[in-house]
2 protein chains.
Amino acid sequence: MRTSQYLLATQKEVPSDAEVISHQLMLRAGMVRKVAAGMYNWLPTGLRVLNKVAHIVRDEMNKAGAIEINMPVVQPADLWQESGRWEEYGPELLRIKDRHDRDFVLGPTHEEVVTALVSNEVNSYKQLPLNLYQIQTKFRDEVRPRFGIMRGREFIMKDAYSFHLSNECLDSTYQLMHKAYCNIFERIGLEYRPVIADSGSIGGAVSHEFHVLAESGEDDIAFSNQSDYAANVELAEAITLETSPEATQDLQSVDTGSASTIQEVCELLSIEPAKTVKTLLVKASDEVATDLVALIVRGDHSLNDIKASKHAWVASPLEFANADEVVTATGASIGCLGPVQARVPLIVDASAAACADFVCGANQNNTHYTGANWQRDVGEFEIADIREVVAGDPSPCGKGNLEIRKGIEVGHIFQLGDKYSKAMNCGVLTETGKHEVLQMGCYGIGVTRIVAAAIEQNHDKFGIIWPDAIAPFKVVIIPMNMHKSHRVKEVAESLYSALSDANIEVLFDDRKERPGVMFADMELIGVPYSIVVGERNLDNQQVEIKNRRSNEKTVIAIDEVVDTIKSY
Amino acid sequence: MRTSQYLLATQKEVPSDAEVISHQLMLRAGMVRKVAAGMYNWLPTGLRVLNKVAHIVRDEMNKAGAIEINMPVVQPADLWQESGRWEEYGPELLRIKDRHDRDFVLGPTHEEVVTALVSNEVNSYKQLPLNLYQIQTKFRDEVRPRFGIMRGREFIMKDAYSFHLSNECLDSTYQLMHKAYCNIFERIGLEYRPVIADSGSIGGAVSHEFHVLAESGEDDIAFSNQSDYAANVELAEAITLETSPEATQDLQSVDTGSASTIQEVCELLSIEPAKTVKTLLVKASDEVATDLVALIVRGDHSLNDIKASKHAWVASPLEFANADEVVTATGASIGCLGPVQARVPLIVDASAAACADFVCGANQNNTHYTGANWQRDVGEFEIADIREVVAGDPSPCGKGNLEIRKGIEVGHIFQLGDKYSKAMNCGVLTETGKHEVLQMGCYGIGVTRIVAAAIEQNHDKFGIIWPDAIAPFKVVIIPMNMHKSHRVKEVAESLYSALSDANIEVLFDDRKERPGVMFADMELIGVPYSIVVGERNLDNQQVEIKNRRSNEKTVIAIDEVVDTIKSY
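Nothing here was measured: the structure is a model prediction, and the numbers come from that model.

### Notes on the sheet that holds strand β4 (residues 74-76) of chain B
Residues and elements named next belong to chain B.
Consideration 1: Ordered in space as β4-β6-β5, the 3 strands form an open sheet in which the pairing is antiparallel. Taken across any chain shown, the strands that pair with only one partner, and hence form the sheet edges, are β4 and β5 (95-97). Ignoring strand direction, the axes of neighbouring strands in this sheet form an average angle of 40 degrees.
Consideration 2: Of the strand pairs in this sheet, β5 and strand β6 (residues 103-106) are connected by 3 bridges, and their pairing is antiparallel. Bridged to Ile96 within β6 is Phe104.

Here's what the structure looks like:
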């Protein structure tokens, strides 16, 4: 491709409304343009990358035995009424009416359509298992689309749906998909983690998210430095190996005045937060007689709302007691609560329970205890895992310690169970002639989002640094002042022909621009290799090859260029 | 692919609601399934064909220098308001509102979006010409979707839009696209014609439709048997080579009683329709003083409404006078009108004007003339081409005679001119620094419709006969009673491996079905070649290869199979 016959569309300025780096670079590199909030034109450079991602996804899905189909973007409402999602789904589901005033939706996912399809087409256990997928435009009417294509309204997703007679069979396809997803992200060349996830409202028990690691990620991922274990911090189990040492101090009440936060108390008493516990009062479930229960974590730890809300004593969703309720229940204000002589049931995080001689509120205003110890000073309490893991925690898998990194969710696989198949009566006749409702799995990849995530992980101050597998072009020819030098032009043209003939995707920057402009544009676009054709090297029948990632420059003979580029 | 791990979804019964053969066969061959009126799931077999068509289209567009982009399915209404189509477009444009009550449309085409894009991105004449295309899901809310995917509501289109500084440049890209379209249909393997078309309401002057010839087509195409000339019959120029012979009969009034149609008059007088003329009264334009004008064509010819309505004397759109108006204007009823002593201006088709001694109405009830002759018996009249061409007419190109065949429109190319670029102020700075509005072309191909059109042209009573280039599989292995014969199974499996390894798309029918069922399914699906593995031929280390189109059967050695299939 010649830049003169291409829509390069690079921009110098950082667009003012682009918050994240991938959004900025996609605009600057001429990859996308906004049409409306959350809707984008994919320009040639962007589409080339997108198509490569889609190709890798398709190829690995096919290899894993999934079969490609294509379902409509517009879906009839009656299917959504059948599954119950017509009512459940919020305003992100764009509901539309056709000219005959019939209800439709713009599909955010296709569980209903595919379940209806399988229900009609598959009648016998012999046709199972079946894993159907598509790569297709979806629409989700986000209230505040942002971060460019990262959280757009119209986007491209690979969604797969598998159907099974048994949970064992579902699990086996689930493992195949897990492996296929790993293959996909490895082939693309991204640092990623499959992460144990909360399956949330979509139903089903087992679920993994696939995260591309990047500082700008919205999720915190905890993973072992010595194994494959990775989980969203919200779900990662906190392991406490310490056991509570013997008490060495007496329980002593101290006036802490207006100090109410852990930080203020620690400063006042000159101690580390790890030597304190904090006590939080939340609404109790029906299982306990009191209105509130106390949640206690070490002063340097954070409460994990999800873990806490799963405790039988705690009302779900988690609701903190307000200031008045706290005073009514304890006689003290929020900053001075503690486990000693508490009037509400106590749930103590395992790490807090391993403390000795700790500082806590005294359930009396302006007062804390020092030298508190569980066995000696506190009544009954329950130990549970209710904190968020921190870096350095032992990994729950038993191997290594946890690291915590930011991640961008680009894939999600679920064991759905029978949520949709039951509601839509999707079943088959088994070998014994019995009608059985199918078990389903669903497997999504954000194809457009991968493009942005790849940029978040691979860029520098000059622009994008594409992994080879998804680069828009493999190599760019940059001729220095071609319009003044016949020799430069001749060599550049002949290299362009030779590389094209070798089926190498080459961009030939034949614009009448200064070398500086060309270098800046090509670094911005992130083409992995540049061939710089200049007078000086031509004296020796040579050109320079520059590696975008390593910045390494090599001068090689003109007639070695094609083989060298091929070998990369 | 093994059928046991595939969604074959063939059906024996002809679906009751499928009127056309392609719709019937696509349902029976398991290619598509209806989700709602005009919206279909593409099952694996259908999608394989669709993807091949799309691949050929993409490849030829790239070769012709067009650049692929991707624009959103959902488009903001403000762009349509800017172009004026928000008002112009009827209820086929599905208008929707997002959660913030903002107006959008589901895109039936993308002139607005692409014009806005080019308006923003292209500023200099140096970036022109530019030809941008996409292959993408479109939505058109047809009032009565029918014929399966042939006239669906959601469909896939390749739409391209080119931008130019001059009409010469536009014409040059238009010719490139014309050639690319020919390449596309030739590569797919379809009998087709590029047809001179009416550009209709989309504006612009030059336009060609591409039609796949098939008996079930909705359009009549006239084309020369000795040249490339082809036109929609509505537009094909009628050439009249005859000149009016001398009068040999006297003008004579005859009582024709209740005979009022050409057929009735011809039977009564024992003459051929070609020896009569018929006179039709229509509303006149402001250019003539009378309310009505008469259109006269030979008795065996049909009036061409489009041609007639383009005549300066005729009101456009064409409107026939009703019975009362005819009596008021002529004194006679509709069945007895004629040019002799007519009281309204006469427009006579050239072929009718070449008649002598003809029969016509006498402008008096129950009365006709015989022996009428233009020069002697009729006053002033104008000669024009207002009839539809018929088979055998001389071709307007000067070479050969016209044939007329039915066609299915699968592509349409237009020289749009500045309709959109002017309304949306899309221009660039020229070499002299002047701002100039761009000239546009647009080029559409119905990707999904091609699949149906290919079937309409290529089928027999057993099913589809795919052209090799778009067949879902190149070859199918049909093992005879594999589940009883170890030898058959072994050979079938090894052929499957060998063909797969040779990158040949092979379907292996490994179902436990009777040979008859397998043959019927594979003929229905239309796979070009079958390899029948049976005990009898295995005795000689041979298998049978069957050609779906020619029905030819060849017995060849097992170890020649891969090379033989490759050679096809």
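Picking up where we left off.
### Comments concerning the interface of chain A and chain B
Put simply, an interface is often sized by how much accessible area is lost when its parts join up.
Consideration 1: Listed as interface residues are 51 residues of chain A and, on the opposing side, 51 residues of chain B.
Consideration 2: Taken over both partners, the interface formed by chain A and chain B buries close to 4,200 Å², and the fraction arising from carbon and sulfur atoms is 63%.
Consideration 3: Run the count over chain A and chain B and you get 4 salt bridges.
Consideration 4: Inspection of the region where chain A meets chain B yields 14 residue pairs in polar contact (both at pLDDT 80 or more).
Consideration 5: Its residues assigned to classes, the side of chain A that touches chain B shows 31 nonpolar, 7 polar and 13 charged.

### So, the relation of the copies chain A and chain B
Two chain copies, one operation linking them: a rotation about an axis together with a shift along it.
Consideration 1: Take chain A, turn it by 180 degrees, move it 0.0 Å along the axis, and it overlays chain B with an RMSD of 0.1 Å. One copy is carried onto the other by what is essentially a two-fold rotation axis. Residue A:Ile96 of chain A places its C-alpha closer to the rotation axis than any other residue of that unit, at 3.0 Å.

### Focus on helix α14 (residues 486-501) of chain A
Consideration 1: A rise of 1.5 Å per residue sets the reference length of α14(A), with its 16 residues, at 22 Å; its end C-alpha atoms lie 22 Å apart and thus fit the reference within 8%.
Consideration 2: Packed against the buried residues of α14(A) are β26 (475-479), β27 (506-508), β28 (529-533), α16 (535-538), β29 (542-547) and α17 (561-567) of chain A.

### Overview of the environment of B:Pro145
Residues and elements named next belong to chain B.
Consideration 1: Residue position: Pro145 is located in the loop between β7 (130-139) and β8 (154-164).
Consideration 2: In sequence terms Pro145 and Ala37 are 108 residues apart; their C-alpha atoms lie 6.3 Å from each other.
Consideration 3: In this view, Pro145 contacts Ala37, Gly38, Arg151 and Arg153; residues no more than four positions away in its chain are not counted.

### Here we look at the environment of B:Trp86
Residue and element names in this part refer to chain B.
Consideration 1: Considering the arrangement of structural elements, one finds Trp86 in helix α4 (residues 85-88).
Consideration 2: Residues Trp86 and Glu13, spaced 73 residues apart in sequence, show a C-alpha to C-alpha distance of 44 Å.
Consideration 3: The contact partners of Trp86, leaving out residues within four places of it in the chain, are Ala77, Trp80, Gln81, Arg95, Asp103, Phe104 and Val105.

### Thoughts on the confidence of the model for chain A
Residue and element names in this part refer to chain A.
Consideration 1: In this model, chain A carries an average pLDDT of 94, and 99% of its residues clear a pLDDT of 70 or more.
Consideration 2: Ignoring residues within four places in sequence, the model shows residues 200-204, a span with pLDDT below 50, making 14 contacts including any to other chains.
Consideration 3: Here the prediction assigns the complex a pTM of 0.90, and the interface score ipTM is 0.89.

### Let's talk about the side chain of A:Glu209
Residues and elements named next belong to chain A.
Consideration 1: Relative to the assigned elements, Glu209 resides in strand β10 (residues 207-213).
Consideration 2: Put simply, Glu209 is tucked away with no salt bridge, and the nearest opposite charge, on Arg449, sits 8.7 Å away.
Consideration 3: A polar atom in the side chain of Glu209 sits 2.5 Å from the side chain of His211.
Consideration 4: Setting aside its immediate chain neighbours within four residues, Glu209 contacts Arg193, Pro194, Val195, Ala197, Asn232, Glu409, Gly411 and His412.

### Looking at the packing of helix α2 (residues 44-63) of chain A against helix α13 (residues 447-457) of chain A
Residue and element names in this part refer to chain A.
Consideration 1: As a packed pair, α2 and α13 sit with axes 9 Å apart at the nearest point and diverge in direction by 115 degrees. By the angle between their axes, α2 is roughly perpendicular relative to α13. By crossing handedness, the relation of α2 to α13 is classed as right-handed. Contacts from Val49, Leu50, Val53 and Ala54 of α2 reach α13 at Val447, Thr448, Ile450 and Val451.
Consideration 2: The class makeup of the residues in the contact of α2 with α13 is 7 nonpolar, 1 polar and no charged.

### Considering the packing of aromatic side chains
How two aromatic rings sit relative to each other is set out by the distance from centre to centre and by the angle between their planes.
Consideration 1: Per the stated rule, a full pass over the model turns up 22 aromatic pairs over all chains.
Consideration 2: Ring geometry for A:Tyr529 against A:Tyr568: centres 4.3 Å apart, planes inclined by 20 degrees, an arrangement best described as stacked. Of the two residues, A:Tyr529 sits in strand β28 while A:Tyr568 sits in the segment after α17, which places them 39 residues apart along the sequence.
Consideration 3: Note on A:Tyr529: relative accessible area 8%, which makes it buried.
Consideration 4: Ring geometry for B:Tyr6 and B:Phe473: centres 5.6 Å apart, planes at 70 degrees, overall edge-to-face. Here the residue B:Tyr6 occupies a position in the segment before α1 (21-28), and B:Phe473 occupies one in the loop between β25 (463-464) and β26 (475-479), the gap between them amounting to 467 residues.
Consideration 5: The class for B:Tyr6 is buried, based on a relative accessible area of 5%.
Consideration 6: Judged by its relative accessible area of 1%, B:Phe473 falls in the buried class.
Consideration 7: Three or more aromatic residues joined by ring pairs make a cluster, and in this case those are A:Tyr181, A:Phe185, A:Tyr192 and A:Phe210.
Consideration 8: The residue whose ring lies beneath A:Lys419 is A:Tyr420, and the NZ or CZ to ring-centre distance is 5.4 Å.

Cut-offs used in this document
Residues numbered from 1 in each chain as written. Chains lettered and ligands numbered in written order. Predicted model: local features only at pLDDT ≥ 70, side-chain atom pairs only at ≥ 80, totals over all residues. Heavy atoms only, no water. Pairing = 2+ DSSP bridges. Helix = DSSP H or I, 4+ residues; strand = E, 2+ residues; numbered from the N terminus. Axes fitted to C-alpha atoms, helices over the stretch in contact; angles between N-to-C directions. Contact = heavy atoms within 4.5 Å. Buried area = accessible area lost by both parts, 1.4 Å probe. Salt bridge = Lys/Arg side-chain N within 4 Å of Asp/Glu carboxyl O. Polar contact = N/O pair within 3.5 Å; in protein donor to acceptor, adjacent residues only side chain to side chain. Nonpolar A, V, L, I, M, F, W, Y, C, P; charged D, E, K, R; others polar. Least-squares fit on C-alpha atoms with pLDDT ≥ 70 in both. Expected span 1.5 Å × (residues − 1). pLDDT = per-residue confidence, 0-100. Buried < 20%, exposed > 50% of the residue type's maximum accessible area, 1.4 Å probe, protein only. Lys, Arg positive; Asp, Glu negative; His and termini not counted. Parallel < 35°, antiparallel > 145°, perpendicular 65-115°, else oblique. Left-handed = near helix turned anticlockwise from the far one by under 90°. Phe/Tyr/Trp six-rings, centres within 6.5 Å; stacked < 30°, edge-to-face > 60°. Lys NZ or Arg CZ within 6 Å of the ring centre and 35° of its normal.

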